Amino acid sequence: MKWKELLEIRSGKNQKTVIDPNGQYPIYGSGGIIGYATEYLCPPKTTIVGRKGTINSPIFVNESFWNVDTAFGLIPSSKLLPKYLYYFCCHFNFTALDKSTTIPSLAKRDLENIEMNVPPLDEQSRIVTRIEELFSELDKAVDTLKTTKEQLELYRQAVLKDAFSCLPETVEMDKIADMIDPQPSHRTPPEYKNGIPYIGIGDIDYQNKKINFEDARKVSPEVLDEHLHRYTIHKGDFVMGKIGTIGKPYKIPDEQNYALSANVILIQPNKEKIYPEFLFWQFSSSLVTKQLTLGAKATSQPAFGIKKARLLSIKICDPEKQFKIIKRLEAEMSRCDNIEKTVDTALAQADAMRQSILKQAFEGKI
């Protein structure tokens, strides 16, 4: 049967007429609650599907609500159980109905012509119950995997702390490394079409360990020329965030075909005094991050100036011991990375399994 025979599609409306800080009804967009209203458009147990923007992430709402004009409310008739409709929407690929070339969008008439099998209500109830049983088991497995990731991060920090905290000697950063402000004027250069990537912390993908050069702001070649006159990047150099995101060290490529943003500090270890890897791992540890957190000034956003960075307290030891610490850390972190990759693969498989459960459910196979 087609949706126009099975449910009412209630188009959202502009929330400005009803929004009220004391409103009792939530206002939903396609991404969730955006405020509260004095009136409602949809009754409890309605499924929301995005009309524009996010169109493939249905939301099931148990209470009366107002939905904005970028969201449709799907109100089932007596022929459909509300949760049966919701899980069908989770299974259905709404992207296939999108005819736009810019922002994803759905038309009401296309939704009305969606066809679905409608078994008797008791069979719908059985299917919903089975889906939720399987999802519950899957959720438990996902929770375990997420806990494993959290424990891995705690273990990494414990390993780093153990490696450095026992070292008795400390020095200030400016004794062992050059700290460079890449854009001392702090004025962001104007954009320049097809220009040079201008890299800040926001352009670094820490999870996949890469810099998004393609999507970064582009500036004129003259900006890069000016930077090249002030600093040269060497192997082992890294950056840390100094505005907004504080710390988070990242090793940067030494092929200098990009400029660095004003929101980072370039750190160039003095290789005669310290191994770059030894300093990098220490910047990843709580020994440095705590200093950064305590020293950051929160105005409109946290900041940590280069003068303070030069005074950071760094643990030091002789080169031979530094080398041994580096090798031990590399081995431990590599083991953690391998475990995390396995966990991430399992999490991705769990998402695929969820879709597989829904597919089988609506093909009559569970």
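Everything discussed here concerns the structure shown above.
Rules behind the numbers
Residues numbered from 1 in each chain as written. Predicted model: local features only at pLDDT ≥ 70, side-chain atom pairs only at ≥ 80, totals over all residues. Heavy atoms only, no water. Salt bridge = Lys/Arg side-chain N within 4 Å of Asp/Glu carboxyl O. Helix = DSSP H or I, 4+ residues; strand = E, 2+ residues; numbered from the N terminus. Buried < 20%, exposed > 50% of the residue type's maximum accessible area, 1.4 Å probe, protein only. Contact = heavy atoms within 4.5 Å. Polar contact = N/O pair within 3.5 Å; in protein donor to acceptor, adjacent residues only side chain to side chain. Phe/Tyr/Trp six-rings, centres within 6.5 Å; stacked < 30°, edge-to-face > 60°. Lys NZ or Arg CZ within 6 Å of the ring centre and 35° of its normal. Core = buried A, V, L, I, M, F, W, Y, C linked by side-chain atoms within 4.5 Å. Arc of directions from axis to C-beta. Axes fitted to C-alpha atoms, helices over the stretch in contact; angles between N-to-C directions. Parallel < 35°, antiparallel > 145°, perpendicular 65-115°, else oblique. Left-handed = near helix turned anticlockwise from the far one by under 90°. Nonpolar A, V, L, I, M, F, W, Y, C, P; charged D, E, K, R; others polar. Pairing = 2+ DSSP bridges.

Caption draft 1: Spotlight on the pattern of salt bridges. Inspection of the entire model under this criterion finds 23 salt bridges. We note a salt bridge from D337 to R156, for which the minimum N-O separation is 3.1 Å. Taken together, the residues D337 in helix α9 (residues 319-361) and R156 in helix α4 (residues 121-165) connect sequence positions 181 residues apart. Here R156 falls in the buried class, since its relative accessible area comes to 10%. Because the salt bridges share partners, they merge into one network encompassing K149, E153, R156, K209, D337, E340 and D344.

Caption draft 2: Spotlight on the environment of Y87. As for its position among the elements, Y87 is in helix α2 (residues 82-91). For the pair Y87 and I325, spaced 238 residues apart in the sequence, the C-alpha separation amounts to 52 Å. With residues near it in sequence (within four places) discarded, Y87 still touches V128, I131, E132, F135, L358 and F362. Among the polar contacts made by the side chain of Y87, one reaches the side chain of E132 at a distance of 2.9 Å.

Caption draft 3: Examining the packing of aromatic side chains more closely. Taken as a whole, this structure holds 18 aromatic pairs when the rule is applied. Counting every residue linked through ring pairs, the aromatic cluster contains W3, Y84, F88, F92, F94 and F362. For the cation-ring pair, K83 lies above F60, with the distance from its terminal atom to the ring centre recorded as 5.1 Å. Positioned above the aromatic ring of F304 is the side chain of K308, whose terminal nitrogen or guanidinium carbon lies 6.0 Å from the ring centre.

Caption draft 4: Region of interest: the side chain of Q256. Along the chain, Q256 turns up in the loop between β15 (247-251) and β16 (259-260). Polar side-chain contacts of Q256 include one of 3.2 Å to the backbone oxygen of Y231. Beyond its immediate chain neighbours, meaning those up to four positions away, Q256 contacts L224, L228, Y231, T232 and I233.

Caption draft 5: Local environment of the nonpolar core. Core analysis: the largest hydrophobic core is formed by 37 residues, its most contacted members being W3, L74, F94 and L111. Counting only elements with at least two residues in this core, the list comes to α1 (3-6), β1 (7-11), β7 (71-76), α2, α4 and α9. With sequence-adjacent residues up to four places away left out, L74 is seen in contact with W3, L7, E8, I9, T46, T47, V49, L85 and C89. M179, M240, W281 and L329 belong to the second-largest nonpolar core, a separate cluster that totals 33 residues.

Caption draft 6: Structural detail: helix α5 (residues 221-230). Where α5 is concerned, the buried positions are V223, L224 and H227. Considered in projection along α5, the buried side chains sweep an arc of 95° and stay on one side of the axis. Exposed residues pointing more than 90 degrees away from the buried face of α5 are listed as E222 and H229. Looking at the buried side of α5, the elements it contacts are β10 (196-199), β13 (217-219) and β16.

Caption draft 7: Molecular detail of the packing of α2 against α4. Between α2 and α4, the least distance of the axes is 9 Å, while the angle of their chain directions is 55°. With respect to each other, α2 and α4 are oriented oblique. Along this stretch, α2 crosses α4, giving a crossing that reads as left-handed. Every residue of α4 that contacts α2 at K83, Y84 and Y87 is listed here: Q124, I127, V128, I131, E132 and F135. Tallied by class, the residues present in the contact of α2 with α4 amount to six nonpolar, one polar and two charged.

Caption draft 8: Up close: the environment of S286. Position of S286 relative to the elements: it lies in helix α7 (residues 286-295). Residues S286 and R335, spaced 49 residues apart in sequence, show a C-alpha to C-alpha distance of 20 Å.

Caption draft 9: Main features of the side chain of S284. One can find S284 in the loop between α6 (276-283) and α7. We classify S284 as buried; its relative accessible area is 19%. Beyond its immediate chain neighbours, meaning those up to four positions away, S284 contacts Q157, L160 and P249.

Caption draft 10: Spatial organisation of the sheet that holds strand β14 (residues 238-241). Read across the sheet, four strands follow the order β9-β17-β14-β15 without closing on themselves; strand pairing throughout is antiparallel. Among the strands making up the open sheet, the edge pair consists of β9 (177-180) and β15. Each neighbouring strand pair of the sheet contributes to a mean axis angle of 25°, computed without reference to strand direction. Alignment of β9 against strand β17 (residues 264-269), held across four bridges, turns out to be antiparallel. Opposite A177, over in β17, you have P269 as the bridge partner.

Caption draft 11: Geometry of the packing of α6 against α9. Relative orientation of the contacting elements α6 and α9 amounts to 55°, with a least axis distance of 9 Å. Comparing the axis directions of α6 and α9 gives the class oblique. The crossing of α6 and α9 is left-handed. Residue-level contacts link E277, F278 and W281 of α6 to Q322, I325, I326, L329, E330 and M333 of α9. A class-by-class count of the residues in the contact of α6 with α9 yields six nonpolar, one polar and two charged.

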